[in-house]
Structure formats: structure tokens, C-alpha cells
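# Descriptive analysis of the structure
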Amino acid sequence: MGIFKSKWEVDDKVKAAPAGGVLAVWGTPGCGKTVVSVKIAENLCKRGEDVILIFADMTTPPMPYLCPPSDLTGKGSLGSILAAARVNDVLVRRNCVLYSKSRHLSLIGFRKGENRFSYPPYEDAQARELIGAARELAPFVIVDCSGHVTTNRLTAIALMEADRVIRLTGCDLKAVSYLSSQLPLLADAKWNAEGHLVAASDVKPNEASGSIEQVLGRVSFRIPHSREVETQFLEGNLLKDLCYKESRPFRAAVDEICVEALGL
């Protein structure tokens, strides 16, 4: 089914993947964190890179609406990983869900109907061990973070452990208000908030994105709105290729992120 599965079937001893990087995608509510995370992972897979995509959201788990259920293989859950006393690469690989249309992509997240109360509470150690184990299994790890840093330990740890953080923000005053409220929580040096790569996300032609960027300060990327992406999201088919001409600017922005943030 997938490159990870074939490796594990051939040899039950986990083999370390080439050194790569962890990218955390965080930002304002409704800015498209999951969409951008998925499209970055898809871009990497098309380049022949192995990717583990981790969904930290435990309130609205993304895996049930990513693609048709028949495209996914496996019944693993993020909850089963974090509920363990210790997390290692064997446990992580056992709970990866494979995407049947790409041998390079594995997914980790909550299943349909699950929430954070479906499993025992977890500690920072389990979240840190999960990210460390994922590093060993794939050269690229993408963490689709929750917007709630204070209540989602996995998000908090991902922001600290990631090699690079993309901070997405919508081009509206609600997004500015959110960041002015949440960024002070990341003031400690361990968060390296100054090192975040800021991206204006889902930018629509009628939005005053230039004015918002003046308020936000440095903006590294502009990710334009795509009707095709929006349709994929509404239809539950985000892992489908983008093929319409109007999506070219969106695809170009994702390419730019992969080059600048991940060094491809």
C-alpha cells in the first residue's frame, strides 16, 4: 500500500529515515491550517519524499473529512499513541493510517467520533516522544497544529520542537485580535516566536491584505484563495490533486513554502 508499510513488512526492525525536518503549521482560527498542511504534504509526496502528517486537533479531527474513507488503510489513532506510558517508533508506525493513492504519505490523527476525552490525559513527554519517533520514521514531518496553544499539549510541544513554524493568519481584524491575544503567551525564548515564518492565508481579491500585512509586520508568504481548494474541502477530498488553472497561484505559494521553509 505505502512505502512505510512495505518497509515494515519486509523487516520488523524500524529503520531510521534520512535526516529531515519537522514543520509545524499554526495560526488563527479558520485560516486554513489543515488545508495548507495537507497541500504541503501532498507537494512533498509528489517530489518523492516520505511524509508523516500529524493532526493535533482533538476537537474537530481532520482525518474524517480529508478524503473518502475507502482511500485510507488502517485503524490507528493519535489517541492510542498519546495514551501509552512511553511512545516509540514501533507504536507510532502501528498507528499510522496509510493513504492508498500515495506510497509516500502516512497520517496520524483522531478517528471519526473521537475526542480528547476518549483517551486518558497525556503529558508533554508523550507529545515530545511522538515527534521524535516521527522524525525517525520519515524525513519530513508536518504537524497541523490546533489554534489552542494553552489547552493542546501536542500543539505546544510541536511549536517548541519543530525545525520551522509557519504562522498562518487570515486577512481580517478578527485574526489580528487573535494574534494580539495569543502571541504574548509565546514570549518566552523557548517558543522562538520571532523565528516563525508568517503567511497571509486564503487571501481573497477583495480583502485589504496589504493593510493587514502592515499591522502584522513581516509576511513571508501570501497564499491566495482557491475555489478548487474550497470545493475539495467542502466535498471531503482535500488529498485530490489540484488541476484547474485558477489554482496555479495557490500551488505556486505552496511550492514557495516547500522551497523556503523546507529547503527543497
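Structure shown above.
This structure is a prediction, so every number in the text was calculated from the model and none was measured. (Residues numbered from 1 in each chain as written. Predicted model: local features only at pLDDT ≥ 70, side-chain atom pairs only at ≥ 80, totals over all residues. Heavy atoms only, no water.)

Here we take up the pairing of strand β8 (residues 197-203). Within β8, 6 of the 7 residues are buried, which leaves it mostly tucked inside the rest of the structure. Bridge count between strand β7 (residues 164-169) and β8: 4 bridges; the pairing is parallel. By the bridge assignment, Ile-166 is partnered in β8 with Leu-197. Assessed by its sense of winding, the connection that carries the chain from β7 through helix α7 (residues 173-182) to β8 is right-handed. In this structure, β8 lies alongside strand β9 (residues 221-224), joined through 3 bridges in parallel fashion. If you follow Ala-199 over to β9, its bridge partner there is Phe-221. (Buried < 20%, exposed > 50% of the residue type's maximum accessible area, 1.4 Å probe, protein only. Helix = DSSP H or I, 4+ residues; strand = E, 2+ residues; numbered from the N terminus. Pairing = 2+ DSSP bridges. Right-handed = clockwise from strand over helix to strand, strands pointing away.)

Here we come to the sheet that holds β7. Sheets are built from strands that pair by backbone hydrogen bonding, the pairs being arranged parallel or antiparallel. Here we have 9 strands laid out as an open sheet, ordered β3-β4-β5-β2-β6-β1-β7-β8-β9, and mixed in their pairing. In this open sheet, the two strands that pair with only one neighbour each are β3 (72-73) and β9. In this sheet, strand β4 (residues 97-99) lies alongside β3 in antiparallel orientation, the contact comprising 2 bridges. Residue pairing across strands places Thr-73 opposite Leu-98, the latter belonging to β4. Running at roughly 125 degrees to strand β1 (residues 21-27), helix α6 (residues 153-161) makes contact with β1, β2 (51-55), β6 (140-144) and β7 of the sheet. Relative to β1, α7 is tilted by about 115 degrees, and along the sheet it contacts β1 and β7. (Contact = heavy atoms within 4.5 Å. Axes fitted to C-alpha atoms, helices over the stretch in contact; angles between N-to-C directions.)

Further remarks concern the pattern of salt bridges. Considering all chains together, one arrives at 11 salt bridges under this definition. Of the charged contacts in the structure, one is a salt bridge between Asp-241 and Lys-46, with a shortest N-O distance of 3.3 Å. Pair noted here: Asp-241 is in the loop between α9 (227-235) and α10 (248-262) and Lys-46 is in helix α2 (residues 33-46), with a separation of 195 residues, a long-range link. Sharing partners across several salt bridges, the network here consists of Glu-123, Asp-124 and Arg-153. (Salt bridge = Lys/Arg side-chain N within 4 Å of Asp/Glu carboxyl O.)

Locating Pro-68 in the fold gives a position in the loop between β2 and β3. The partly exposed category is assigned to Pro-68, whose relative accessible area is 29%. Along the backbone, Pro-68 and Leu-239 are 171 residues apart, and their C-alpha atoms lie at a distance of 9.4 Å. If near-sequence neighbours (up to four positions away) are discounted, Pro-68 is found in contact with Gly-236 and Asn-237.

Turning to its location among the elements, Val-229 is positioned in helix α9. On a C-alpha basis, the gap between Val-229 and Phe-250 in space is 8.7 Å, while along the polypeptide they are 21 residues apart. Not counting the four nearest positions on each side in its chain, Val-229 is found in contact with Val-35, Leu-238, Leu-242 and Phe-250.

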